[in-house]
Amino acid sequence: MSLDKAAVRAIAELARIEVRDEELDHLAGELSGILHFVEQLAEVNTDGVPPMSSVADLTLPMRADVVTDGGQFAAVLANAPDGVIEDQGGFFTVPKVVE
Amino acid sequence: MIIQGDTGDWEIVIGLEVHAQVISNAKLFSGAATAFGAEPNDQVSFVDAGFPGMLPVINEKCVEQAVRTGLGLKAQINLTSVFARKNYFYADLPQGYQISQYDMPIVGEGTLLIDLPDGSTRAIGIERLHLEQDAGKSIHDMHPSKSYIDLNRSGVALMEIVSKPDMRSPEEAGAYLTKLRTILRYLGTCDGNMQEGSMRCDANVSVRPVGSTELRTRCEIKNVNSIRFVQQAIEYEARRHIDVYENGGEIKQETRLFDSVKGETRSMRSKEHAHDYRYFPDPDLLPLVVSQDLVDSIKATLPELPDEKKARFMAEYGLNAYDAGVMVAEKEAAEFFEGVAKGRDGKTAANWVMGDFFATMNSDAKYTWTNPPVSAENLGRMIDLIKDGTISTRLAKDVFIFMVESGKDPATIVEEKGLKQVTDTGAIEKAIDEVFAANPDKVAEVKAGKDKLMGWFVGQVMKATQGKANPGMLNELIAKKFKE
Amino acid sequence: MSELTKLTIAQARDKMAKGEFTAVELTEAHIQAMAAKRNLGAYIVETPDLAREQAKASDLRRQAGQAGALEGIPLGIKDLFCTKNVQTTAASRILEGFKPQYESTVSGKLLDAGSVMLGKLNLDEFAMGSSNMTSYYGKVTNPWKSKADPAKKLVPGGSSGGSAAAVAARIAMGATGTDTGGSIRQPAAFCGITGIKPTYGRCSRWGVVAFASSLDQAGPMARDVRDCAIMLGAMAGHDPKDSTSAPMAVPNFEAALTGDIRGLKVGIPKEYRPDGLSDEIQKVWEQGIEWLKAAGATPVEITLPHTKYALPTYYIVAPAEASSNLARYDGVRFGLRVEGSSLDDMYKKTRAAGFGSEVRRRIMIGTYVLSAGYYDAYYSKAQKVRRLIADDFKKAFETVDVILTPTAPSAAFGMDENTDDPVTMWLNDVFTIPTSLAGLPGLSLPAGLDAAGLPLGLQLIGRPFDEETVFKVAGVMESAAGFTATPEGV
């Protein structure tokens, strides 16, 4: 599969990474090269092989329904890039969203 | 419901996706609390805020609640299910993905019986139920150029319950939501509070010409926060579709928002570009396996559910379908009713519960099921007093009011207030004689054939006995007197 | 250079136990050495004050008779482990200034064992790379130099390049690494040290910045096999905060170093001799087989038929998981934010500025292979092939106890080499990736020098959770190899 500029732009959009127009050609070439490389898997017969999403031969461990965390808004907000605690009452902020 | 358009008749096809917040102490994948109303970002673990290196560990209670709900919906329980990541960017989705279930949900197909106003029922298919995390909350009105993010809800367990597109009218959709909420509350798996957002509904709406079996393009109306609004939104949306089709247009598949002030739906700007959620199994979580033993033990603790209860109320207490439906709509109401009706005449009990009792209950917000205006015991005892002739039904109305005011048991009230019914023939006859003596002209009119005045005499005598005369005896004795 | 920095962990442990020197002295020697070798770029952040404090506390603990397994041992921590109140960046601009309010399980266990943290070690950005050239905080230089071209700067390998360089240059007694496709083993080989990626699930991933969750595994990097065994003993163990952590007891890995491998069967996979594999690598591999034979083990030729598909499988699975794992770097709650006109604009600008080109490339590939219409052809297909690769190993381990292979197809290369084409760069991990996909333990140890005087590594692969056999065999090979070469200036 070779990707064209439009496809690269769509992927970048989905991944929320700004890509300048002049980068598109180069990226399209690079990503197409990678896809070409991984497409050799097509030659492997995988009929009846179940996909392997984890090597851990376990089932999901569960925890008890007990409150053990939280109550730490200062720690949660400590790294916020928009300096939130003093002036904005304990919220993270983003540019205004219009629904 | 059939909508008549300019080109012909249309029917509405409705499927509902309900997000029901699971009742649990802690979140689905973190140990932070779920309680409503905390300070912003104070019920947040680093897991819920998507910090680097944080990992999810599942809360067993949430799994049990999902199984319990599945059993309540008579649905297939999948002993092995898989959590997948639904990838999308949004301000209140800290991880950049929502942990949900995709092709292997914990609960498969089931059924829900909706109760229609005429007392009939209709089966609506349940497509699936899966567990997923809630997102945080964006607040758009606190700053001119910024939205604020509170992650307290982030990571709270939700059950997404998806119906089949089986509903055909806003009324059926309303009945579905009402019934689903009832079942969730019976099961104790969700409090069903739509105002606080612990039960939210997305409606998928399309229309088609009557007689057609095609499924046309649907629109999804997001997060409508009351049953009434869901119904309004569906009706508006269906008429919009019909308008578009009848004017030669096409419906675009999209997500829409209901504006409850204008009563309209509109396209959601934040959902404008097409989504590609790139679901894949969450590599931080292994397959969720529940044992048949666990399912069986949950099954053994299921309460009697509304449909069974309704059938039993009809059989055991002789209620009609409508009354039985009303009575089981809330678990606490059903329990109250049974407290009153047990060992007594069911219809009398139902009349009192649905009449004076519900009216008083709804008259003041201070009354709740843990603080009812009168206890089921006292209401039951009052019915006993009616039955044994101590008080008349008429007097009982007063006794009821005194019970509400004082909380005392009815026998004490009857005693203290002297409300005991007069069944002494002599006393009643004496009162009749007095009234007759005072109103000879009216006596003459009755005797001349003006039967209508009989009622006036009954009223007068009742008044003279402060309402305590046994109404049956009074009627009988007055009639006898006139014949004399 | 202080004699103290020349000691192994085991030697320092024993000497401190005898009171020959204190943790404060040992730590100070390393702080000086670390400062003297800043030109290597091994550390992103040095924490000398914290180290001195921890060393003091360590000496007090020892006096109180409460010495832990790594009491007073100065270590470097790969900057992928979140460390409480100490900047943690994953070598990315997007996390510049990020100070976690929590400590990763593994680094916390090392502190609990009494160790001292010297600082945070450089790596490839988000652990994506095999050269340590992709760090936002500068390249790491391999302390080894080619005799043929001493002026040429060599890469330390990656992604744990800072860890490997620091241990080789004696500016940390040991270091944590993480390995997703070879990120402990390949840099260990390039820098002439020992490192083990344990079985997936052996060490908790909690608090480790995620790259590819189904592959990431922490492990120790140190000067020799014994030091790795000591460190892994402290790092490993079940963690209820990581659902993929194995609920298994941690054996005494050091006790496994018995030196007795008689009767063990050692698998030699025939697929690990690709065309163009250098004679020198071949030779050191043959030499390794001879050492094991001499010690009483039996080499057995085995086949791992899906080996050639490991690399393409990995380059679907790892980027796919990474594309999702790295979605949380969005400028909202921590790290870099580049303001934008809208939420999406802020996301795009932040992520474009915050991620380097290799990371962006992998996110985009990962995004693509998961996207509608391509999932089955790429991601699902890769997961199926992954199972075939894991099954190859399972089958091989029915007949052998351990597998011996080269660690990397070459010795350390120059900083200006292999950089044009991402796929060529990825070929560095051709021998380490299959093990990662199968979740098996893999250890690299230095086995000799090539003609240019650069170290070459051999890899030992074990059964799941059988690190003990891997350590035992590695100990024997280490004795036989007698590898004593050090980089210049050590």
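Residues numbered from 1 in each chain as written. Chains lettered and ligands numbered in written order. Predicted model: local features only at pLDDT ≥ 70, side-chain atom pairs only at ≥ 80, totals over all residues. Heavy atoms only, no water.

Visitor: Got a sec to walk through the overall build of chain C? Specific residues and values, please.
Guide: Scanning chain C for helices and strands turns up 15 helices and 11 strands. Taking 23 Å as the expected radius of gyration for a compact globule of 490 residues, we find that chain C reaches 21 Å, a close match to that expectation. Within chain C, buried positions represent 68% of all 490 residues. Put simply, of all contacts in chain C between residues at least 6 apart along the chain, 77% involve residues at least 24 apart. Split by element, the accessible area of chain C, about 14,900 Å² in all, is 49% carbon and sulfur. Put simply, chain C has 53 plus and 54 minus side-chain charges, and the middle of one group is 2 Å from the middle of the other. (Helix = DSSP H or I, 4+ residues; strand = E, 2+ residues; numbered from the N terminus. Rg over C-alpha atoms; globule rule 2.2 N^0.38 Å. Buried < 20%, exposed > 50% of the residue type's maximum accessible area, 1.4 Å probe, protein only. Contact = heavy atoms within 4.5 Å. Areas by Shrake-Rupley, 256 points an atom, 1.4 Å probe, with all protein chains shown as cover. Lys, Arg positive; Asp, Glu negative; His and termini not counted. Charge placed at Lys NZ, Arg CZ, Asp CG, Glu CD.)

Visitor: Summarise the interface of chain B and chain A; cite the residues concerned and give the values.
Guide: Contact with chain B, which involves 55 residues of that partner, is made by 39 residues of chain A. Here Asp-82 of chain A makes a salt bridge to Lys-146 of chain B, at a shortest N to O gap of 2.9 Å. Where chain B meets chain A, there are 25 residue pairs in polar contact (both at pLDDT 80 or more). At the level of elements, strand E3 (58–59), helix H1 (60–72), strand E10 (146–150) and strand E17 (288–289) of chain B are the ones that each hand at least two residues to the side of chain B that touches chain A. If you tally residues by element for the side of chain B that touches chain A, the top one is E10 of chain B, at 5 residues. The class makeup of the residues in the side of chain B that touches chain A is 31 nonpolar, 13 polar and 11 charged. Sheet analysis places strand E2 (residues 92–95) of chain A next to E10 of chain B, joined by 4 bridges and oriented antiparallel. By the bridge assignment, Pro-95 of chain A is partnered in E10 of chain B with Lys-146 of chain B. (Salt bridge = Lys/Arg side-chain N within 4 Å of Asp/Glu carboxyl O. Polar contact = N/O pair within 3.5 Å; in protein donor to acceptor, adjacent residues only side chain to side chain. Nonpolar A, V, L, I, M, F, W, Y, C, P; charged D, E, K, R; others polar. Pairing = 2+ DSSP bridges.)

Visitor: Please give an account of the pattern of salt bridges that cites residues and values.
Guide: If the charged atoms of two oppositely charged side chains come close together, the side chains can form a pair. Residue and element names in this part refer to chain C. Taken as a whole and assessed by the stated rule, the structure comprises 67 salt bridges over all chains. Between Glu-254 and Arg-13 there is a salt bridge, with its nearest N and O atoms 2.8 Å apart. You can see Glu-254 sitting in the loop between helix H7 (225–235) and strand E7 (265–269) and its partner Arg-13 sitting in helix H1 (residues 9–17), a full 241 residues away along the chain. Relative accessible area serves as the criterion here: at 24%, Arg-13 is assigned to the partly exposed category. Of the charged contacts, one joins Lys-152 and Glu-417 as a salt bridge, the two residues approaching to 2.9 Å between their closest N and O atoms. Remark: Glu-417 occurs in the loop between strand E9 (402–406) and helix H13 (422–426) and Lys-152 occurs in the loop between strand E3 (116–121) and helix H5 (161–168); sequence separation between them is 265 residues. Classification of Lys-152 as partly exposed rests on a relative accessible area of 28%. Look at Glu-417 and you get partly exposed, because its relative accessible area is 30%.

Visitor: Kindly report on the packing of aromatic side chains, identifying the contributing residues and their values.
Guide: Aromatic rings considered in pairs are described by the distance between their centres and by the relative angle of their planes. According to the stated counting rule, one finds 43 aromatic pairs over all chains in the structure shown. Pairing Tyr-88 of chain B with Tyr-277 of chain B gives two aromatic rings, centres 5.6 Å apart and planes at 70°, and the pair type is edge-to-face. One end of the pair, Tyr-88 of chain B, is in the loop between strand E5 (83–87) and strand E6 (97–101); the other, Tyr-277 of chain B, is in the loop between strand E15 (264–267) and strand E16 (280–281), with 189 residues separating them in the sequence. By relative accessible area, which is 17% here, Tyr-88 of chain B ends up buried. Geometry around Trp-285 of chain C places Arg-273 of chain C over its ring, the cationic atom sitting 4.4 Å from the centre. (Phe/Tyr/Trp six-rings, centres within 6.5 Å; stacked < 30°, edge-to-face > 60°. Lys NZ or Arg CZ within 6 Å of the ring centre and 35° of its normal.)

Visitor: Lay out helix H7 (residues 331–341) of chain B in plain terms, naming residues and giving numbers.
Guide: Residues and elements named next belong to chain B. Those residues of H7 that fall on the buried side of the exposure criterion are Ala-333, Ala-334, Phe-336, Phe-337, Glu-338, Val-340 and Ala-341. Structurally, H7 contributes buried residues whose contacts are with helix H2 (170–187), helix H5 (306–317), helix H6 (321–328), helix H8 (346–361) and helix H9 (376–387). Looking one or two residues beyond H7, the residue adopting positive phi is Gly-343, at roughly 80°.

Visitor: Which residues make up the nonpolar core, and what values go with them?
Guide: Core analysis: the largest hydrophobic core is formed by 323 residues, its most contacted members being Tyr-176 of chain B together with Phe-126 of chain C. Taken together, domain 1 (2–297) and domain 2 (302–417) of chain B each give at least three residues to this core, which thus spans both. The next biggest cluster of nonpolar side chains, apart from the first, holds 16 residues, and it includes Ile-432, Phe-436, Met-462 and Leu-474 of chain B. (Core = buried A, V, L, I, M, F, W, Y, C linked by side-chain atoms within 4.5 Å. Domains from an automatic or database assignment.)

Visitor: Break down the interface of chain C and chain A for me, with residues and values.
Guide: Counting from both sides, the interface comprises 63 residues of chain C and, opposite them, 49 residues of chain A. When residues of chain C are sorted by the area they lose upon contact with chain A, Lys-348, Met-364 and Arg-387 of chain C head the list and together hold 14% of the total. Between the two partners, chain C and chain A, sit 5 salt bridges. A salt bridge links Asp-344 of chain C to Arg-16 of chain A, with the shortest nitrogen-to-oxygen separation between them at 2.8 Å. Our count for the chain C to chain A interface comes out at 17 residue pairs in polar contact (both at pLDDT 80 or more). Elements that contribute at least two residues to the side of chain C that touches chain A include exactly helix H9 (310–325), helix H10 (343–354), helix H11 (357–370), helix H12 (376–396), H13 and helix H14 (433–438) of chain C. With 11 residues, H12 of chain C is the single largest residue contributor to the side of chain C that touches chain A. Its residues assigned to classes, the side of chain C that touches chain A shows 32 nonpolar, 16 polar and 15 charged. (Buried area = accessible area lost by both parts, 1.4 Å probe.)

Visitor: Can you break down the sheet that holds E6 of chain B residue by residue, with the values?
Guide: Read across the sheet, 3 strands follow the order E6-E5-E16 (chain B) without closing on themselves; strand pairing throughout is antiparallel. Here the strands that pair on one side only, and so sit at the sheet edges, are E6 and E16 of chain B. Two strands pair when backbone bridges link them, and E5 of chain B and E6 of chain B are joined in this way by 5 bridges, in the antiparallel orientation. Bridge assignment links Asn-87 of chain B to a residue of E6 of chain B, and that residue is Tyr-97 of chain B. Sitting on the sheet, H9 of chain C is in contact with E5, E6 and E16 of chain B, with an inclination near 65° to E5 of chain B. (Axes fitted to C-alpha atoms, helices over the stretch in contact; angles between N-to-C directions.)

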